[in-house]
Amino acid sequence: MRRFRIGSAFGIPIQLDLTFLLVLPLFAWLIGAQVEQWGGLVNDVWGAGFDAAVLTTGALPWLLGIASALGLFTGVVLHELGHSLVAKRYGFPIESITLWLFGGIAQLTEMPEDWRTELYIAVAGPVVSVILGGLSYVAFVSIPATGSILVESVRFVLSYLAVVNVALAIFNLMPGFPMDGGRVLRALLARTRPYARATQIAAEVGKGFAILLGLFGLLAAFNPFLIALAFFIYIGAASEAQQTTMRAAFEGVEVQDIMTPADRVQTVSPDASVADLIDLMFRERHTGYPVERDGEIVGLVTLEDARAVRDVERDAYTVGDVMTTDVHAVGPESDVMTALGELEDRSIGRLLVHDDRKGFVGLLTRTDVMTALSIIKESGRYEAPSGTDEPEVIRPGA
Ligand SMILES: [Zn+2]
């Protein structure tokens, strides 16, 4: 289990990723180690009148570090809730909010393609962060310095939250994917351009920003956290662009249009030996087969399953011994992006295509999807066939 649920707000589950459990104590420690410097800075800029001797008594710096880090991550959750509540208001359900190494992610089940909706959802998070920063600042200045440990501790945490929440908003408004600013940029570009083109531009800006951040992290500040963050932003930008290109390409295309139909799918018997299976894979250069008994699909077997058996034992083991029986299926009329999501979520290579009346009608592999994608891209056909019942058939190899 990499993620676990810690609660929910407005019916949205909030979950923690394991990486978050590493970063929370790290932040608490970093803040705690710099209590004196931070106090000095706030004294200089805002005339706070912090007494270093009070703030650094005993274990207090570490308690302040923990309180500030928890406050920061509460701010991140509220930021994500900002996105989520606006998304819900426009009818986009939120699957979950996840806290991980680099903050929070609000998972939308689908992305809005109307530019105004996307714009409102994207700015809602930073707006929440600015409001939190402002409120923290107001609370900070309205509590007079008394020199007591409790009051000074509260003021310290408030001064910290005032700055980091605003910093969070500014960072998130950087105009590239996957930051909120990337979504704002795409929304604005999409007013006058096709959605996919707007995505590409925003992704390129995001990649450029990631490269600059990475160079800065590497050369100027040697900071591993910044380098990792730059890497994450780069990957995020690239995958956003790819997702959108694919969604545009597969608009209106169904699984049955691109699957390998059942009459062209070779199946194997559960009684065949693993040695024979490997021979077959070698001859046909296919690495996975459905396993069929009496006209019914009972499992899937892949090269990996076969390789789990040692060389000398491959005659003794049968396909039935090594196959996977936990087989996932999609309907022939499902859309391709849903099926692809299924392949990715479960990290599997192939799905059975199962019709309620006809049973097994085909097999959908990642290769099928990728081949179809390049055919659609090559032929320049990004639009769904409209007006006809029979879609233009794009069958790889047909
Ligand atoms: Zn955000």
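Residues numbered from 1 in each chain as written. Predicted model: local features only at pLDDT ≥ 70, side-chain atom pairs only at ≥ 80, totals over all residues. Heavy atoms only, no water.

J.: Tell me about the packing of aromatic side chains, and name the residues and values.
T.: Aromatic ring pairs are described here by two measures, namely the spacing of the ring centres and the angle between the planes. Throughout the structure, instances matching the rule amount to 8 aromatic pairs. Seen in terms of ring centroids, Phe20 and Phe73 are 4.7 Å apart; in terms of plane orientation they differ by 90 degrees. Their pairing is edge-to-face. Taken together, the residues Phe20 in helix 1 (residues 18–33) and Phe73 in helix 4 (residues 60–89) connect sequence positions 53 residues apart. Taking the relative accessible area as the measure of exposure, Phe20 reaches 5% and is therefore buried. A network of ring pairs unites the aromatic residues Phe20, Phe27 and Phe73 as a single cluster. Sitting above the plane of the Trp115 ring, Arg191 keeps its charged end 5.5 Å from the centroid. (Phe/Tyr/Trp six-rings, centres within 6.5 Å; stacked < 30°, edge-to-face > 60°. Helix = DSSP H or I, 4+ residues; strand = E, 2+ residues; numbered from the N terminus. Buried < 20%, exposed > 50% of the residue type's maximum accessible area, 1.4 Å probe, protein only. Lys NZ or Arg CZ within 6 Å of the ring centre and 35° of its normal.)

J.: Which residues make up the domain arrangement of the protein chain, and what are the values?
T.: The domain architecture assigned to the protein chain consists of domain 1 (3–249) and domain 2 (255–379). For domain 1 versus domain 2, the separation of C-alpha centres amounts to 42 Å. Counting residues at the interface gives 5 residues for domain 1, matched by 8 residues for domain 2. Each partner contributes to the roughly 530 Å² buried at the junction of domain 1 and domain 2, and carbon and sulfur atoms together form 83% of this total. Taken together, the connections running from domain 1 to domain 2 amount to 0 salt bridges. At the surface where domain 1 touches domain 2, the tally comes to 0 residue pairs in polar contact (both at pLDDT 80 or more). Residue classes in the side of domain 1 that touches domain 2 are distributed as 2 nonpolar, 2 polar and 1 charged. (Domains from an automatic or database assignment. Contact = heavy atoms within 4.5 Å. Buried area = accessible area lost by both parts, 1.4 Å probe. Salt bridge = Lys/Arg side-chain N within 4 Å of Asp/Glu carboxyl O. Polar contact = N/O pair within 3.5 Å; in protein donor to acceptor, adjacent residues only side chain to side chain. Nonpolar A, V, L, I, M, F, W, Y, C, P; charged D, E, K, R; others polar.)

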